[in-house]
Amino acid sequence: MIDMILIYGEVRKNSAAAACIYAERFPARRHPAPKTFVAVERRLETGRFVPVVNKAGRPQSRRTAAAAEEENILRSKEDLLFLLRWIGRAGPGAWPARSPDFAPNDLLWERIKDIFYQVRPTTKEDMKQRIREACGSLSCAEVQSRMLGGDQNMV
């Protein structure tokens, strides 16, 4: 939103010009309509945020609108940081919201927990030591197998 405000000021409150410049400077981001620049300025001047209306015509809560704005800011930072090579919802690489796919580390961590919880740890130091021992007890072949998504029942 800060980028929008700065650009809107640069073009002396010309919303159409601001929309064009914003699209040129940030081609990977969603491009706001000219009326969005006017609305953002109005929100800053009045000190209040008018409820955002969803597709059904009902106002969204302020928290929802703020969360959506925060998500857009984070997404634009990810675009810059990872050069459009990240995977996520509404990202350059599509990924379902609740993917059933396991990460390879999940299989490895399950094996470490199996070893770790054979005996209940008694102290914090005991717990740390048992985690180290559990990790150290895994063979290289087992780690590679689990990282490559191999057999979960391998001992």
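Residues numbered from 1 in each chain as written. Predicted model: local features only at pLDDT ≥ 70, side-chain atom pairs only at ≥ 80, totals over all residues. Heavy atoms only, no water.

The name that an unreviewed UniProt entry assigns to the chain is DUF4817 domain-containing protein, with the source organism given as Periplaneta americana.

Observations concerning the packing of helix H2 (residues 15–25) against helix H3 (residues 34–46)
What counts here: Under this scheme, a helix contributes an axis fitted over its contacting stretch, all axes are lines through C-alpha atoms, and angles between N-to-C directions fall in the 0 to 180 degree range. Strands here are runs of E lasting at least two residues and helices are runs of H or I lasting at least four, both read from the DSSP assignment and numbered beginning at the N terminus. When an angle is under 35 degrees it counts as roughly parallel; over 145 it counts as roughly antiparallel; between 65 and 115 it counts as roughly perpendicular; any other value is oblique. Contacts are assigned to residue pairs with any non-hydrogen atoms lying within 4.5 Å of each other. Under this grouping Gly is polar, as are all residues other than the nonpolar Ala, Val, Leu, Ile, Met, Phe, Trp, Tyr, Cys and Pro and the charged Asp, Glu, Lys and Arg.
Orientation of H2 relative to H3, taken along the N-to-C sense of each, is 110°, at an axis distance of 7 Å. Of the possible angle classes, the one that applies to H2 and H3 is roughly perpendicular. Listed contacts from H3 to Ser-15, Ala-16, Ala-18, Ala-19 and Tyr-22 of H2 are Pro-34, Phe-37 and Val-38. By residue class, the composition of the contact of H2 with H3 is seven nonpolar, one polar and no charged.

Observations regarding H2
Inclusion rule: Each residue is assigned to one of three classes by its accessible area relative to the maximum for its type, calculated with a 1.4 Å probe on protein chains only: buried under 20%, partly exposed between the two thresholds, exposed over 50%. In this description, one arc is meant: the one made by directions from the helix axis to the C-beta atoms. Polar contacts, as counted here, are pairs of nitrogen or oxygen atoms within 3.5 Å of one another; within protein the pair requires one atom able to donate a hydrogen and one able to accept it, and residues that are adjacent in sequence qualify only if both atoms are side-chain atoms.
When we look at burial in H2, the residues that qualify are Ser-15, Ala-18, Ala-19 and Tyr-22. Viewed end-on, H2 has its buried residues packed into an arc of 100°, placing them on one side of the element. Tucked inside the fold, the buried residues of H2 contact helix H1 (2–10) and H3. Its side-chain oxygen placed 3.2 Å from the backbone nitrogen of Ala-16, Asn-14 serves as the N-cap of H2.

Details of the nonpolar core
What counts, and what does not: Side-chain atoms within 4.5 Å link the members of a nonpolar core, which is a set of buried Ala, Val, Leu, Ile, Met, Phe, Trp, Tyr and Cys residues.
One finds Met-4, Ile-7, Tyr-8, Val-11, Ala-18, Ala-19, Tyr-22, Phe-26, Phe-37 and Val-40 forming the largest nonpolar core, which totals 10 residues. Where this core is concerned, the elements lending two or more residues are H1, H2 and H3. In this view, Phe-26 contacts Asp-3, Ile-7 and His-31; residues no more than four positions away in its chain are not counted. Of all hydrophobic cores here, the second largest spans five residues; its members include Leu-108, Ile-112, Ile-115 and Leu-138.

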